Amino acid sequence: MITLHHVPQSRSFRILWFLHEAGLDHEVRYHSFAGKALRDPAFLALSPAGRVPVVEVDQAVLFESGAILESLCETRAPALGRAPGTVERGTYLEWLHYGETIAQHLAQLTFHHIALRPADRSPVVQKLEALRLRRVLEGVETALDGDYLLDGFSAADIMVGSSAMIGARFVRLDGLARLQDWLARLKARPAFRAAEAADGTAELYLKEYYGD
Ligand SMILES: N[C@@H](CCC(=O)N[C@@H](CS)C(=O)NCC(=O)O)C(=O)O
């Protein structure tokens, strides 16, 4: 059994989606950013920075979404990864970690549109980070030349796709036709829909769009 510690709409959605894609039995422990639950010593014993996702699998505890996906691919869902020595391995790892390149801008935008008190929000940061987010999404647009980032669906689509979906709350995707088609393809996957249904009550992104 796999236990996923999850906050709705957060990076732990990546793991939730993956578990559905891989058809792995799991239970979800729901947490919230409100309150101090993620700073509780019991949770900090699982995740040193008090972050989600965390996965308890067999006797092990794993944090960091990229590491969790790599580990679960290697041990339980090889078709969703690309093994060492295979042609796509390098590209797979690049995109698997590119999700965090996108997410750093999402974090800034989330702070400056949602989390901070209005008086502490910076229009300069909002504008700059939206431009930088748009640029990293253009990188995905340039790379897409098929249905998925690699030759066939993989955990890399989950990492990059889930971040790009949140990115669409902060920047318009006009002019990024391949990216939009790819996101629509990802959202139509039965496992994505099942994960979305299991995500839990939204408390972070309550608006569709936070940009201009
Ligand atoms: N690089 C880590 C980042 C984890 C992370 O920052 N998670 C956020 C949610 S998206 C979190 O738990 N934030 C709580 C906090 O900052 O207190 C990963 O990919 O797992």
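The rules behind the values
The residue count restarts for each chain, going from 1 along the sequence in the order it is written. In keeping with the model being predicted, local features are shown solely for residues with a pLDDT of at least 70 and side-chain atom pairs are shown and tallied solely at 80 or more, while totals for entire chains, interfaces and linings include all residues. Hydrogen atoms and water are omitted, and side-chain values are computed over all heavy atoms in the structure. Summary of the burial criterion: residues with accessible area below 20% of their type's maximum are buried, those above 50% are exposed, and those between are partly exposed, where the area comes from a 1.4 Å probe applied to protein chains only. Each helix is a run of H or I in the DSSP string that is no shorter than four residues. Each strand is a run of E no shorter than two, and both are numbered from the N terminus. Each C-beta atom gives one direction from the helix axis, and the arc is the one those directions make. Whether two residues are in contact is decided by their heavy atoms, any of which lying within 4.5 Å being enough. Residue ranges for the domains trace back to a domain assignment, done automatically or taken from a database. Here the quantity called buried area is the total loss of accessible area, with a 1.4 Å probe, experienced by two parts when brought into contact, counted for both. We define a salt bridge as a side-chain nitrogen of Lys or Arg found within 4 Å of a carboxyl oxygen belonging to Asp or Glu. Definition of a polar contact: a pair of N or O atoms within 3.5 Å, with one able to donate and the other able to accept a hydrogen when the atoms are protein atoms, and with sequence-neighbouring residues admitted only if both atoms are side-chain atoms. The nonpolar class holds Ala, Val, Leu, Ile, Met, Phe, Trp, Tyr, Cys and Pro. Asp, Glu, Lys and Arg form the charged class, and all remaining residues, Gly among them, are polar.

Chemist: Quick question: what am I supposed to make of helix 7 (residues 177–187) here?
Modeler: Given 3.6 residues per turn, any residue in an α-helix points the same way as the ones three and four places further on. Along helix 7, the residues that are buried comprise Leu179, Trp182, Leu183 and Leu186. Buried residues of helix 7 fall within an arc of 100 degrees about the axis and therefore sit on the same side. Where helix 7 is buried, its residues meet helix 1 (12–22), helix 5 (123–143), helix 6 (155–167) and helix 8 (190–198).

Chemist: Before we go on, may I ask you to explain the domain arrangement of the protein in this structure?
Modeler: It is common to give the size of an interface as the accessible area that goes away when the parts come together. When cut into domains, the protein gives domain 1 (2–81) and domain 2 (89–192). Counting residues at the interface gives 17 residues for domain 1 and 23 residues for domain 2. In total, domain 1 and domain 2 occlude about 1600 Å² of area from one another, counting both sides; carbon and sulfur atoms represent 63% of this. Looking only at domain 1, the three residues that lose the most surface to domain 2 are Arg14, Trp17 and Glu70, adding up to 39% of its buried area. Notably, a salt bridge pairs Arg189 with Glu21, separated by 2.8 Å at the nearest N-O pair. There are seven residue pairs in polar contact (both at pLDDT 80 or more) connecting domain 1 and domain 2. Counting only elements with at least two residues in the side of domain 1 that touches domain 2, the list comes to helix 1 and helix 3 (65–76). Grouping the constituent residues of the side of domain 1 that touches domain 2 by class yields seven nonpolar, five polar and five charged.

Chemist: Just checking my understanding: could you explain the pattern of salt bridges for this structure?
Modeler: Enumeration over the complete set of coordinates arrives at 10 salt bridges. Between Arg29 and Glu27 there is a salt bridge, and its shortest N-O distance comes to 3.3 Å. In this structure Arg29 comes out as partly exposed when scored by relative accessible area, which is 40%. Of the charged contacts, one joins Arg82 and Glu88 as a salt bridge, the two residues approaching to 2.7 Å between their closest N and O atoms. It is possible to trace a salt-bridge network through shared partners that takes in Arg11, Arg14 and Glu100.

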